[in-house]
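Results of the structural survey
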Amino acid sequence: MRLFALLIKKCEDIRHLHAGGLEIFKYIGPGLLVAVGFIDPGNWAANLAAGAEYGYSLLWMVTLSTFMLIVLQHNAAHLGIVTGKCLAESTREHLPRWLGTPVLYSAFAASCMTSMAEILGGAIALKMLFGLPIVPGACLVTFLVLAMLLSHSYRKIERWIIGFVSLIGLSFLYELFLAPVDWMASAKGWVTPAFPAGSILVIMSVLGAVVMPHNLFLHSEIIQSRQWHLADKKIIEKQLDLEFFDTLLSMLIGWAINSAMIILAAATFFTIGKEVAELEQAQELLRPLLGSNASNIFAVALLLAGVASSMTSGMAGGIITAGIAGEPYNIRDKHSLMGTAGSLIVGLMLICCISNPFQGLLVSQMALSVQLPVTMIVQVYLTSSPKVMGNYANSPGTRALLIFLTVIVAVLNIILLLSAFS
């Protein structure tokens, strides 16, 4: 109950703000950009595997992951608003070089794994649409994303991409009214932790697909670019509460869409015992709503999801390498450019080395969950330090909550490692 009391208090703070509804909605944006990752190719693969193989029993992982994400993303944004520096810059400045540099390089490796999943999803979509082989398709997606990032043209179409992909995600929610869902099993799955035999890889994939290390760096950078730390105390506190509203709303939308994917996969595949080995099979989830055009619409949505999320993973790579160099992110700067291009190119190279795209997506998401506790530990240290945050350092309750969540992730990783050697 203590965990949820902190969230309830935040919601009450928002309710008492002297800001009109339209003013509140002006602050929605960074959270939605981060939430693009909720319906990226890695999420689709992890959720499809979770529902098809284990029915409703792994829904609890979506609930836990989303709760963790709300706390962590708000905490990362908290750092950016108060200090005016992103997580990567703060890591370099406040951690010893021998410790901070390996942490940032491991985070960059995580952004490369993310880029691999996002580019791979786009390549699978091109294969579905035009029959293009995976590797040439991945090269085309990488070139497109790099061109958009370098030209800044992505800003002109970003809202369209997010809007279209969100509509496809919301179609999954609509389909809940059409599918033969076992709602009692769903309700139990949301709140009852379960570890079916052989499920640990999928569990960690769901965790890595929702709570993604690169998004913590991304969110702290996007939010700090507004330079709210230069304002007075009253304005900073107001921005913290409004940002929490943005994060809470965006993450809850993501929770609903992720849950819908697993529920529909359980109702469509698990109940008939159908094995799922390809991401393309997810198009069957849309068939009741979209009919014979489901395949093409699914492929277009997957392509846009891959492109949109590849942009954010590439930006995160640039943010991290800029932090290593002790600089703010600027795509015109060589360190940011090297990180952005490097994340995408390394992701492309990894795609060339895998033989099973669907399994590659799952493994990439699992790898993110392995790096996650490293980023969490650093973030908790920084946001709990009065030296870094001043009077805005984490309260004892918030610090205890963040440590508790970090321990959960670490324990799950230990279970994963033990299962690998058993």
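Residues numbered from 1 in each chain as written. Predicted model: local features only at pLDDT ≥ 70, side-chain atom pairs only at ≥ 80, totals over all residues. Heavy atoms only, no water.

Topic: the overall build of the protein chain
- Helix and strand counts for the protein chain come out as 19 helices and 0 strands.
- Put simply, the protein chain has 422 residues, and 58% of those count as buried.
- Partitioning the intrachain contacts of the protein chain with sequence separation of at least 6 by distance along the chain shows that 84% fall at a separation of at least 24.
- When the accessible surface of the protein chain is totalled, it reaches about 17,200 Å², and 68% of it is carbon and sulfur. (Helix = DSSP H or I, 4+ residues; strand = E, 2+ residues; numbered from the N terminus. Buried < 20%, exposed > 50% of the residue type's maximum accessible area, 1.4 Å probe, protein only. Contact = heavy atoms within 4.5 Å. Areas by Shrake-Rupley, 256 points an atom, 1.4 Å probe, with all protein chains shown as cover.)

Description of the packing of helix H11 (residues 200-210) against helix H17 (residues 357-384)
- One can describe the packing of H11 onto H17 by two numbers: an axis separation of 7 Å at closest approach and a directional angle of 70°. With respect to each other, H11 and H17 are oriented roughly perpendicular. Side by side, H11 and H17 meet where Leu-201, Met-204, Ser-205, Leu-207, Gly-208 and Ala-209 of the first sit next to Gln-359, Leu-362, Gln-365, Met-366, Leu-368, Ser-369 and Leu-372 of the second. (Axes fitted to C-alpha atoms, helices over the stretch in contact; angles between N-to-C directions. Parallel < 35°, antiparallel > 145°, perpendicular 65-115°, else oblique.)

Here we look at the packing of helix H7 (residues 97-130) against helix H16 (residues 334-352)
- Their axes nearest at 7 Å, the elements H7 and H16 cross at an angle of 60°. Relative to H16, the element H7 lies oblique. Relative to H16, H7 is oriented so that their crossing is right-handed. Contacts between H7 and H16 pair Phe-108, Ser-111, Cys-112, Met-113, Ser-115, Met-116, Ile-119 and Leu-120 from the former with Gly-339, Gly-342, Ser-343, Leu-344, Val-346, Gly-347, Leu-348, Leu-350 and Ile-351 from the latter.
- Residue composition of the contact of H7 with H16, by class: 11 nonpolar, 6 polar and no charged. (Left-handed = near helix turned anticlockwise from the far one by under 90°. Nonpolar A, V, L, I, M, F, W, Y, C, P; charged D, E, K, R; others polar.)

With respect to the confidence of the model for the protein chain
- Of all residues in the protein chain, 81% attain a pLDDT of 70 or more, and the chain-wide mean is 82.
- At the low end of the mean pLDDT range in the protein chain sits helix H2 (residues 21-25), at 45; at the high end sits H16, at 95.
- Low pLDDT, under 50, characterises residues 14-26; the predicted model gives this stretch 13 contacts beyond four residues in sequence or across chains. (pLDDT = per-residue confidence, 0-100.)

A look at the nonpolar core
- In this structure, Trp-44, Leu-207 and Leu-279 are the most contacted members of the largest nonpolar core, which totals 122 residues.
- Filtering out sequence-adjacent residues up to four positions away, Leu-207 remains in contact with Met-61, Ser-65, Met-68, Ser-369, Leu-372, Val-409 and Leu-412. (Core = buried A, V, L, I, M, F, W, Y, C linked by side-chain atoms within 4.5 Å.)

Digging into the side chain of Ser-199
- Tracing the chain through its elements places Ser-199 in the loop between helix H10 (183-191) and H11.
- Only 2.6 Å separates the side chain of Ser-199 from the backbone oxygen of Pro-196, close enough to count as a polar contact.
- Among residues more than four places away in sequence, those in contact with Ser-199 are Tyr-54 and Leu-58. (Polar contact = N/O pair within 3.5 Å; in protein donor to acceptor, adjacent residues only side chain to side chain.)

Remarks on the packing of aromatic side chains
- Summed over all chains, the structure comprises 2 aromatic pairs.
- Seen from their ring centres, Trp-190 and Trp-255 are 5.5 Å apart, and the 35° between their planes marks the pair as tilted. Of this pair, Trp-190 sits in helix H10 while Trp-255 sits in helix H13 (residues 233-268); the two residues are 65 residues apart in sequence, bridging distant segments of the chain. (Phe/Tyr/Trp six-rings, centres within 6.5 Å; stacked < 30°, edge-to-face > 60°.)

Details of the state of the cysteines
- Going through the model one piece at a time under the given rule, you end up with 0 disulfides.
- With no disulfide of its own, Cys-353 lies 6.5 Å from the sulfur of Cys-352, the closest cysteine sulfur. (Disulfide = S-S within 2.5 Å.)

Describing a nonpolar patch on the surface
- Side chains of Phe-195, Ile-403, Val-407, Val-411 and Ile-415 sit close together on the surface and give an oily, nonpolar patch of about 410 Å² of accessible area.
- Take Val-407: its relative accessible area is 46%, and that puts it in the partly exposed class. (Patch = residues over 30% accessible without salt bridge, like charges linked within 9 Å, V, L, I, M, F, W, Y side chains within 5 Å. Salt bridge = Lys/Arg side-chain N within 4 Å of Asp/Glu carboxyl O.)

Section: the side chain of Thr-383
- Considering the arrangement of structural elements, one finds Thr-383 in helix H17.
- Given a relative accessible area of 0%, Thr-383 falls into the buried group.
- A polar contact is formed between the side chain of Thr-383 and the backbone oxygen of Gln-379, at a distance of 2.8 Å.
- Those residues within four positions of Thr-383 in sequence are excluded, and the remaining contacts are Asn-75, Leu-79, Met-389, Tyr-392, Ala-393, Asn-394 and Leu-402.

Here's the deal with the environment of Asn-296
- Summarising the element assignment, Asn-296 is placed in helix H15 (residues 294-324).
- Sequence separation between Asn-296 and Leu-129 is 167 residues, and the spatial gap between their C-alpha atoms is 6.5 Å.

Comments concerning the environment of Ser-364
- Secondary-structure assignment places Ser-364 in helix H17.
- A C-alpha to C-alpha distance of 9.3 Å links Ser-364 and Ser-115, two positions 249 residues apart in sequence.
- Leaving out residues up to four positions away in the same chain, Ser-364 has contacts with Met-113, Met-116 and Ala-117.
- In terms of polar contacts, Ser-364 uses its side chain to reach the side chain of Gln-365, at 3.0 Å.

Examining H17
- In this model, H17 (28 residues) spans 40 Å end to end at C-alpha, consistent with the 40 Å of a helix rising 1.5 Å per residue.
- Along H17, the helix axis deviates most sharply at Gln-371, where the bend reaches about 35°; the proline Pro-373 sits within four residues downstream.
- Counted residue by residue, H17 has 20 buried out of 28 residues, so it is predominantly covered.
- With a side-chain oxygen positioned 3.1 Å from the backbone nitrogen of Phe-358, the residue opening H17 is Asn-356. (Expected span 1.5 Å × (residues − 1). Bend = angle between axes of the 7 residues up to and from the residue.)

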